[in-house]
Amino acid sequence: MEEKTGKAAKLIWLTLASVFSISLILLVSAVVFSIAAVFQASEKLENISEITIPEPEKEKSSYIYSLNSLTGEYDIIYKATPYTGNVCIETDIDTLPDYVKNAFISIEDERFYEHEGIDITATSLAVAKEVLRTAGFINSGEVRGGSTITQQLVKNLTSDDEVSVDRKLREISRAVSLETHYTKEEILEKYLSVIYFGQTEDGCNMYGIEAAAAGYFGKRAAELTPAEAACLAALIQNPSVRNPLENPERNRERQLYCLRKMFEHGYISAETYEYSKKEKMNFVHPGDEPETKLSDYGNDFENPEVTSWAIDTALQEFCDFICDYKDISREEGMQEFRNGGYELYLTIDENVQAELERNMADYTFFPEDYAYYTDENGEEHAEQVQAAAVVLDYKGEIKGICGGIGPKTTSFCWNNATDARRQPGSTIKPLTTYVYGIENDLITWSDIFTDSPLPAGTAGESEWPVNYNGKYSGSKYPVWQLLAESFNTVPAQLCNMFGPENVFNFTHDKMKLDLNPETDITLAALSIGATGSGPSLLNLANSYMPFGNGGYYYKAHILKRIKDSTSSRVYVENDTRKGERVISEETAFIMRKLLRKVILQGTGKPANLQNRELSGKTGTSENYRDVLFAGLTEDYVSAVWTGYENASSSALRNVSSSEIWKNVFGNYADSVKTNASFPECETVEFLSYCAESGKIAGKKCPVGGKGFYKSGKTEKCDINHNLVKDSTH
Ligand SMILES: [Zn+2]
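Residues numbered from 1 in each chain as written. Predicted model: local features only at pLDDT ≥ 70, side-chain atom pairs only at ≥ 80, totals over all residues.

(A) Representation of the overall build of the protein within the structure. When helices and strands are tallied, the protein shows 21 helices and 21 strands. Taking all 729 residues of the protein together, the buried fraction comes to 44%. Counting only contacts in the protein whose residues sit at least 6 apart along the sequence, the fraction spanning at least 24 positions is 68%. (Helix = DSSP H or I, 4+ residues; strand = E, 2+ residues; numbered from the N terminus. Buried ≥ 20, exposed ≤ 12 C-beta atoms within 10 Å, placed from the backbone. Contact = placed C-beta atoms within 7 Å.)

(B) Summary view of the nonpolar core. Formed by 118 residues in total, the largest nonpolar core has its most connected members in A314, A389, V390, A541, A639 and V640. Tallying contributions element by element places helix α20 (residues 585-601) first for this core, with eight residues. Leave out the neighbours within four places in its chain, and A639 touches V390, L537, L540, A541, L628, F629 and A630. Counting residues in each nonpolar core, the second largest holds 51 residues, with Y191, L192, V194 and A221 among its members. (Core = buried A, V, L, I, M, F, W, Y, C linked by C-beta atoms within 7 Å.)

(C) A look at the sheet that holds strand β2 (residues 74-80). If you walk across this open sheet you meet the five strands as β2-β1-β6-β14-β15, and the pairing is mixed. Where the open sheet ends on each side, the last strands, each with one partner, are β2 and β15 (570-573). Put simply, the sheet's adjacent strands are angled 15 degrees from each other on average, direction ignored. Bridge analysis of strand β1 (residues 62-67) against β2 gives six bridges, and the strand direction is antiparallel. (Pairing = 2+ DSSP bridges. Axes fitted to C-alpha atoms, helices over the stretch in contact; angles between N-to-C directions.)

(D) Region of the structure containing unusual backbone geometry. Here W464 and P465 are connected by a cis peptide whose omega angle stands at -5 degrees. Secondary-structure assignment places P465 in the loop between β11 (448-450) and β12 (476-478). Phi angles above zero are rare outside glycine, and S486 is one such case at about 55 degrees. Structurally, S486 can be placed in the loop between α15 (479-484) and α16 (489-498).

(E) Spatial organisation of the sheet that holds strand β18 (residues 626-632). Strand order in the open sheet formed by five strands is β10-β9-β19-β18-β17, and the pairing between neighbours is antiparallel. Looking at which strands have only one partner, the edges of the open sheet turn out to be β10 (398-402) and β17 (615-620). The sheet shows a mean angle of 5 degrees between the axes of neighbouring strands, direction not considered. Pairing analysis gives seven bridges linking β18 to strand β19 (residues 637-643), with the strands arranged antiparallel. For A630, the partnering residue across the bridge sits in β19 and is A639. Where helix α13 (residues 350-360) meets the sheet, it contacts β9 (386-392) and β10, and its direction lies at approximately 20 degrees from that of β10. Helix-sheet contacts for helix α19 (residues 537-548) involve β9, β17, β18 and β19, and the interaxial angle to β19 is about 145 degrees.

(F) Expanded view of the packing of α19 against α20. Running from N to C, α19 and α20 cross one another at 110 degrees; their axes reach a closest spacing of 7 Å. In terms of orientation, α19 and α20 fall into the roughly perpendicular class. In this structure, α19 uses P546, F547 and G548 to contact α20, whose residues at the interface are A588, M591, R592 and L595. A per-class count over the contact of α19 with α20 returns five nonpolar, one polar and one charged. (Parallel < 35°, antiparallel > 145°, perpendicular 65-115°, else oblique. Nonpolar A, V, L, I, M, F, W, Y, C, P; charged D, E, K, R; others polar.)

(G) Structural view of the environment of L70. Along the chain, the position of L70 falls in the loop between β1 and β2. Take L70: there are 7 C-beta atoms within 10 Å of it, and that puts it in the exposed class. For L70 and E350, which are 280 residues apart along the polypeptide, the C-alpha to C-alpha distance reads 9.9 Å.

Now the structure itself:
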């Protein structure tokens, strides 16, 4: 018996001794660590800025506004709600039942109301466990950090994620600081407003208990049951592992633990505890229409199901600006729009826009033909004809834009007016050799040239080019007629005479046509528009603008202004921008009158209008992939493209771009009742020219017609007509 008793006593003593020594080790480690921590903390304290709870951020939605022609006011047409994919909702702690708050306190920080930012007991235990884990006595498992709610809030507010002793010390110091400046309720409120609650099934990140209540249960946080509150409290420890939708068992486990803790602390009654354990969780799934929807928050404006061409173009232009301004990527630019709080004011005239959209959806205006092409995998595709239209005023404001045929079915889609780079065909001619020649007094309205190709060896091995009909006549024509009937031969001669590089530089720098120096300093590009890639339709229309406004370039834009939505700051003010003089008033006037001849006597006849003085030019690219028309009326400069995105086809051989333009926009332009007029030019004279020499007609000359000439730059025909220019050499 004695021996037995002795053995038992020894066992008890040994056990006690071991417990004591382990406790001692723990205590010593904790104390040593704490001393070290405090010592280091005091050293670093002066470098640590005190943390404050930030004010709830002002809503940083961005808006797009368009002028309503009836009211004369700007209406919102698009609103970008911030935090797309991230919903962060402030909570009002006074609305929350106690058991909702206590669910979090029970399992995240049970001494929340007692400590002053850090929980010494919990921290020491965590440190001791960490020491034992490092020494190999216990498995890593779930070593909890012992972080208080205050510390977790600090971590959330600072996003200081560095894993180091330094970080832990910063966090402790900031938590203590927070506790001295804010009440427990304020800290808990902020905590429940910013903490991450995981993702909904459709990928929306939820921050704050209001977002979680709406996202998981379709209700306000005030309406949560104790079981639901425990379910949410259970998941924040690890929002993916404990997500009740993805891992219901792991969530359930901790939810039950939470309910037990709530019961043990007296936060819920035995009855509620028993009931809550059995309560079935009714989660919201995509497609459900609960009382409180996540998408209801901060969404007081309903965007159109499909964004309009104007919205698409506006966002492209915004990105162009912001990416350059902030030196960020395209994607970051879009993000900046969504979260940055901008106001975009559009230049669009809703009547013009509505007209374009209506007509672009009328398939009877466009050829029905399909064209076929083979893709890189050898598969054959049938492709329907496409189209695009742009309308600008003479200050560069986009009044209407359509990037495709038919009704728009996709938001932020490919835009044939701005994204597509197409060969301009003959629409390039006024922008290259003709305007260069007139501006530099190298040609006049009626200088005579022979319709013949460049000799073999000039632009290739054989003679080049021929005209649209595949031939050339060898006859002589005045400049206006060569342009009006869109001869290919003479522009090639002129370009060769002036020098392709000179012409290119003029067209690129003055007319601002987007040509590529790598591919487009060629006779083919500059005389007949066979460019490498080519300009966008918007850019093409923009380049015609100086012909109608006395020689000024205003960069085409759809954004009148870009403003900050929460301050008076203005980033962009396009409506006050001054135009750049790019050609003389005389050149602009003469060019417009030359383009008038295209409509009156040339390829653009079908486009002619009754009430407006239309000038314009037609164009067709190689293989009839594209047909184009650019037109100038007193009010607008516009361009319409019809063609195939991929296919080459002769389907458009008999299509009249002038007719399409007239149907899409011309008839509307004709009906507009404004007082607009083209600028007059007093230094241009309207004179008769000699049919043979092309010079200003003398008394004995056979008169060819009348044309427009710069004053003081005219040459009179001499009686012998011996000043005939013949560039065929
Ligand atoms: Zn004469």
